[in-house]
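Survey of secondary and tertiary structure
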Amino acid sequence: MDHSAHGTFAIGGDLAVDRIGLGAMRLARNGMGDATARDPQTARAVLRRAAELGVDHIDTADFYRSPDGTVRANDLIRQALFPYPPGLVIATKVGPVFGPGGPTQGTAADLRPAVEANLEALGVDRLDLVYLRIGWRVPPRGESLSERFEVLAALREEGLIRHLGLSNVDQAHLSEAQRVAPVAAIQNLFDPADADQAALAERAAAEQIAFVPFGPLGSGQGSAHDERYAAVARRHGATAAQVALAHLLALSPNMLAIPGTGSLAHLEENLAARSLTLTSDDIAALR
Ligand SMILES: NC(=O)c1ccc[n+]([C@@H]2O[C@H](COP(=O)([O-])OP(=O)(O)OC[C@H]3O[C@@H](n4cnc5c(N)ncnc54)[C@H](OP(=O)(O)O)[C@@H]3O)[C@@H](O)[C@H]2O)c1
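Below, the structure is looked at part by part. As the structure is a computational prediction, the values presented were derived from the model and not from experiment. (Residues numbered from 1 in each chain as written. Predicted model: local features only at pLDDT ≥ 70, side-chain atom pairs only at ≥ 80, totals over all residues. Heavy atoms only, no water.)

**Details of the pattern of salt bridges**
Tallied over the full model, the rule gives 14 salt bridges. Of the charged contacts in the structure, one is a salt bridge between Arg112 and Glu116, with a shortest N-O distance of 3.4 Å. You can see Arg112 and its partner Glu116 sitting in helix α4 (residues 111–122), four residues apart, about one turn around the helix. For Glu116, a relative accessible area of 38% corresponds to the partly exposed category. Note that Glu207 and Arg203 form a salt bridge whose closest N and O atoms lie 3.0 Å from each other. Judged by its relative accessible area of 36%, Glu207 is partly exposed. Residue Arg203 is classed as buried on the basis of its relative accessible area of 16%. Linked through salt bridges whose partners overlap, the residues forming this network are Arg49, Glu52 and Glu268. (Salt bridge = Lys/Arg side-chain N within 4 Å of Asp/Glu carboxyl O. Helix = DSSP H or I, 4+ residues; strand = E, 2+ residues; numbered from the N terminus. Buried < 20%, exposed > 50% of the residue type's maximum accessible area, 1.4 Å probe, protein only.)

**Points about the pairing of strand β9 (residues 161–167)**
Along β9, six of the seven residues are buried, which leaves the element largely enclosed by surrounding structure. Direction of pairing for strand β8 (residues 127–133) relative to β9: parallel, over a ladder of six bridges. Counterpart to Leu132 in the pairing with β9 is Leu166. Handedness of the crossover joining β8 and β9 through helix α5 (residues 146–157) is recorded here as right-handed. (Pairing = 2+ DSSP bridges. Right-handed = clockwise from strand over helix to strand, strands pointing away.)

**Points about the packing of helix α3 (residues 73–81) against α4**
In contact at an axis separation of 8 Å, α3 and α4 are set at 30° when each is read in the N-to-C sense. Here α4 runs roughly parallel to α3, going by the angle between their axes. Together, Asn74, Asp75, Ile77 and Arg78 of α3 and Asn118, Glu120, Ala121 and Leu122 of α4 make up the contact between the two elements. Here the contact of α3 with α4 is built from residues that sort into three nonpolar, two polar and three charged. (Axes fitted to C-alpha atoms, helices over the stretch in contact; angles between N-to-C directions. Parallel < 35°, antiparallel > 145°, perpendicular 65-115°, else oblique. Contact = heavy atoms within 4.5 Å. Nonpolar A, V, L, I, M, F, W, Y, C, P; charged D, E, K, R; others polar.)

Here you go:
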């Protein structure tokens, strides 16, 4: 088994990206709940530095905004990087709509306007990857997504979207969506110890579907602060966050990491995990 965090994966078979990208949610706000807006100038500097360091996969959403809605991740991406470097893949997600108090669940009728809003804000004619994001905190078991996925499949046929993905789903959702259109990527909260999630990730690997765990650093509270990660990190002269990223990527070649940060120092630290290769003993210690 290759335990290295470097290399690329081709989303949908044709969009090759480095396995460590950037999550854009933290560019607009410094957390969830009672978070505050981030400084847009710093956020743009993070994006430009990311591009310099070869980041070619940015994960965003129209609803990634400061709590008051004035600082928007998509605007920051365009301001910092347009015209986009060749090969940059910008993945976005639709489903929730931004309202007073933050994002709430939308309906099938909200999807076309959401796709159009992303096209306009990012300044592109076609979106590389659009996830249908369903439910709230856990995959909404038993909830049908066909009606919504059909809307996105039609927009893909229209040429507005290159690849489709799913977010916050279970295996039944994946099967249901695949009856409508190909699924190129899945983005879920991921705990390898959860048997359902592990089985979904394994199926994604077998079907060449990118698996993109959100919150790869425990959204600022998880593995980066876990003593087991710190112990492995000391052996490599690395940081716990770098070990957390390398550990995720060691699980299978279709795993992509999108650590979220609004900090230049954290960005550089996270990308340096590309050169970290964990040993089998490290992996065993992290089980
Ligand atoms: N599909 C979905 O429903 C969904 C949900 C949540 C997130 N996402 C996506 O997943 C991305 C990542 O999730 P996330 O941003 O919530 O969580 P995360 O990547 O697990 O963690 C981000 C948090 O960790 C901190 N951090 C980043 N690098 C660090 C480092 N090297 N050392 C210590 N702390 C570090 C960040 O603070 P600083 O900003 O100060 O660095 C921030 O507080 C998001 O940006 C978004 O694109 C998707």
